[in-house]
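# Summary of the model geometry
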Amino acid sequence: MKAKATFYQKRIYPIVFMFVVTVLCILITSGLYLTTQDRAVANELSFTRRAILDAGGLEYTPTTDGIEKAYLQEVTVEDGYYTAQSPEGTRYILPMQGPGLWGTIFIMVGLKEDLTTFSGLAIVSQNETPGLGARIEEPWFTAQFQGKKSPFTLVNEGTAKAPNEIDAITGASRTSEYFRNLTNRASSDAKRIIRGE
Amino acid sequence: MAKSKLKKTFVEPLGKNNPVFVQILGICSTLAVTNKLQNTMVMVLGVMFTTALSSWTISLLRNLIPSRIRMMVETMVIATFVIIVDVVLKAFYPEMWKQLGPYVGLIITNCIIMGRIEAFALQNKPMLSLVDGLASGLGYAYVLLAIAFVRELLGTGTLWGYQILGSWWTNWSIMIMPPGGFFVLAILIWVIRETVMKEKKA
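Conventions adopted
Residues numbered from 1 in each chain as written. Chains lettered and ligands numbered in written order. Predicted model: local features only at pLDDT ≥ 70, side-chain atom pairs only at ≥ 80, totals over all residues. Heavy atoms only, no water. Contact = heavy atoms within 4.5 Å. Buried area = accessible area lost by both parts, 1.4 Å probe. Salt bridge = Lys/Arg side-chain N within 4 Å of Asp/Glu carboxyl O. Buried < 20%, exposed > 50% of the residue type's maximum accessible area, 1.4 Å probe, protein only. Helix = DSSP H or I, 4+ residues; strand = E, 2+ residues; numbered from the N terminus. Pairing = 2+ DSSP bridges. Axes fitted to C-alpha atoms, helices over the stretch in contact; angles between N-to-C directions. Phe/Tyr/Trp six-rings, centres within 6.5 Å; stacked < 30°, edge-to-face > 60°. Lys NZ or Arg CZ within 6 Å of the ring centre and 35° of its normal. pLDDT = per-residue confidence, 0-100. Core = buried A, V, L, I, M, F, W, Y, C linked by side-chain atoms within 4.5 Å. Parallel < 35°, antiparallel > 145°, perpendicular 65-115°, else oblique. Left-handed = near helix turned anticlockwise from the far one by under 90°. Expected span 1.5 Å × (residues − 1). Lys, Arg positive; Asp, Glu negative; His and termini not counted. Polar contact = N/O pair within 3.5 Å; in protein donor to acceptor, adjacent residues only side chain to side chain.

Every contact between the two is made by 23 residues of chain B and, on the other side, 23 residues of chain A. Overall, the association of chain B and chain A removes approximately 2100 Å² of surface from exposure, summing both partners, and the carbon and sulfur fraction of that is 77%. Taken together, the links from chain B to chain A amount to one salt bridge. The partner of B:Lys98 in a salt bridge is A:Glu44, and the shortest N-O contact between them spans 3.6 Å.

Okay, here's the thing in structure tokens:
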């Protein structure tokens, strides 16, 4: 190469080169994104439907088809909430969100006809500490809300007995408190949204 | 000659030039994603895919890239491969994608990838660079899997999600939190340097 680079080599070529590389990269990634977009949207939808079914305490086969079938059969979309017909009566399912220790926690709360007793609960998304607060996603934690009456009080992990007691998570007191606050709001929110009280 | 160089390129990152316990690269993800074997496996596959293919791509382009903007080009290529991993995971393994969260995107910042491109791919032929990238990825992979093995077993009493240790086992919660990663990694580096590496030197 010559000692002194030409204006083209020094100024124009790098810009043209970068431009070409960028266009190629964008074409590849956006092409792939567009071809998989349908699948990604379907996954997201299936995930939300599953959370609704879980919150309503409804039976379903845990496959994409099974979830779709059960959802279309049993769940009706209302203004700001969902209803579902289960063998034991109507279930009201309310999407809720509230602060956690690190970020917003999104959940689906399922309520029985009195709008106080929980039929179930599912976590949609959360950003709590892995291994501690993130354990709110574990099945035992969400399952314990079934049949419990709000407002809840927290007790030590593994000792909840009364219908308003919830096992807190050892090592995640703050997350447990935030979660209690969020679930305790469910009943009044539901009454306001569903019955306009 | 050519064969021995190929072999050397492949073996070095696995042992005496390992990216994690010798070069101490890619530590961020080593600490972050090693609390479960499954997550770790997906993460290392993503990293292997990205290091191998971005080394290969950059090596193909190495005579065309103006050296003043080479970092930009490298980052662009790496980012493209990482986005491919992210999009494919999101479409086909949504559960895994949700668990890994931001860490897939953070593969871009994994120093091993940029390091191998700068140190190797810019001076070597495409196939050799591909092997180097793949081997570096493998060297990274087995160390991470070893750490994940210890952390998952002690932290949750499970391996690959299956319960291994009985109810007598008290989970060491610290193992699945970031400090656990530091401890296990440090102990691993220490053990390897004191045993295997020391013998080689002597």
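Moving on, we get to the pairing of strand S5 (residues 118-125) of chain A. Residues and elements named next belong to chain A. Burial runs high along S5: six of the eight residues are buried. The pairing of strand S4 (residues 104-111) with S5 spans six bridges and is classified as antiparallel. Bridge assignment links Gly 110 to a residue of S5, and that residue is Gly 120. Linking two consecutive strands that pair antiparallel, namely S4 and S5, is a turn of six residues; a positive phi of about 60 degrees is found at Leu 115 within it.

What follows is about the sheet that holds strand S2 (residues 82-86) of chain A. All names here are of chain A. Spatial strand order, S1-S2-S3-S4-S5: five strands in an open sheet with antiparallel pairing. What marks the edges here is a single partner per strand, and that holds for strand S1 (75-77) and S5. Strand-to-strand twist across the sheet, computed as the mean angle between neighbouring axes with direction ignored, equals 25 degrees. Relative to the sheet, helix H2 (residues 64-74) contacts S1 and S2, its axis offset from that of S1 by approximately 65 degrees. Contacts from helix H4 (residues 173-195) reach strand S3 (89-99), S4 and S5 within the one sheet, and its direction differs from that of S3 by about 130 degrees.

Before going further, it helps to spend a moment on the packing of aromatic side chains. Scanning all chains against the criterion turns up 13 aromatic pairs over all chains. Centroid distance A:Phe145 to A:Phe152: 5.3 Å. Interplanar angle 80 degrees. Geometry classified as edge-to-face. For A:Phe145, a relative accessible area of 1% puts it in the buried group. If you follow B:Lys98 out to its NZ or CZ, it ends over the ring of A:Phe47, 4.3 Å from the centre.

Taken as a whole, chain B shows an average pLDDT of 87; of its residues, 98% reach a score of 70 or greater. Complex prediction metrics read pTM 0.80 and ipTM 0.80.

What follows concerns the nonpolar core. One finds B:Val20, B:Val73, B:Leu100, B:Ile107, B:Tyr140 and B:Leu185 to be the most contacted residues of the largest nonpolar core, which totals 50 residues. At the level of elements, helix H1 (7-56) of chain A together with helix H2 (27-32), helix H3 (37-61), helix H4 (70-92), helix H5 (94-100), helix H6 (111-121), helix H7 (126-156) and helix H9 (178-194) of chain B are the ones that each hand at least two residues to this core. Apart from the residues within four sequence positions on either side, B:Tyr140 is in contact with B:Pro19, B:Val20, B:Gly26, B:Ser29, B:Thr30, B:Met43, B:Val44, B:Val47, B:Asn110 and B:Ile112. Of all hydrophobic cores here, the second largest spans 26 residues; its members include A:Tyr92, A:Ile123, A:Ala186 and B:Met177.

Residue and element names in this part refer to chain A. Where H1 meets H2, the closest approach of the two axes is 10 Å, and the angle between their N-to-C directions is 55 degrees. Considering the angle they form, H1 stands oblique to H2. Taken as a pair, H1 and H2 cross one another with a handedness that is left-handed. Residues Ser 46, Arg 49, Arg 50, Ile 52 and Leu 53 of H1 lie in contact with H2, whose contacting residues are Thr 64, Ile 67, Glu 68, Ala 70, Tyr 71 and Leu 72.

This paragraph deals with the pairing of S2(A). Walk down a regular strand and you will see the side chains alternate between the two sheet faces. Residues and elements named next belong to chain A. Within S2, four of the five residues are buried, which leaves the element mostly enclosed by the surrounding structure. Strand direction decides the pairing type here: S1 and S2, joined by three bridges, are antiparallel. Residue pairing for S2: Val 77 is matched across the bridge by Tyr 82. Connecting S1 to the antiparallel partner S2 that follows it, the hairpin turn spans four residues, and Gly 80 within it adopts a positive phi of roughly 90 degrees. When S2 meets S3, the two strands line up antiparallel, connected through five bridges. Looking at S3, one finds that Gln 85 is bridged to Thr 90.

All names here are of chain A. Scanning the model with the defined rule gives ten salt bridges over all chains in all. For Lys 149, the salt bridge goes to Asp 114, with nearest N and O atoms at 3.6 Å. Taken as a pair, Lys 149 in the loop between helix H3 (139-143) and strand S6 (153-155) and Asp 114 in the loop between S4 and S5 lie far apart in primary sequence, 35 residues in all. The class for Lys 149 is partly exposed, based on a relative accessible area of 42%.

Moving on, we get to H7(B). Between its first and last C-alpha, H7(B) extends 43 Å over 31 residues, near the 45 Å set by a 1.5 Å rise per residue. Where H7(B) ends, the next residue or the one after it, B:Gly157, has phi of about 70 degrees, a positive value.

Moving on, we get to the side chain of A:Asp167. Residues and elements named next belong to chain A. Following the sequence through the fold, Asp 167 ends up in strand S7 (residues 165-167). We note that Asp 167 is buried and unpaired, the nearest opposite charge coming from Lys 148 at a distance of 6.5 Å. Here Thr 159 takes part through its backbone nitrogen, which lies 3.1 Å from a polar atom of the side chain of Asp 167. The contact partners of Asp 167, leaving out residues within four places of it in the chain, are Trp 140, Phe 141, Gln 144, Val 155, Asn 156, Glu 157, Gly 158, Thr 159 and Ala 160.

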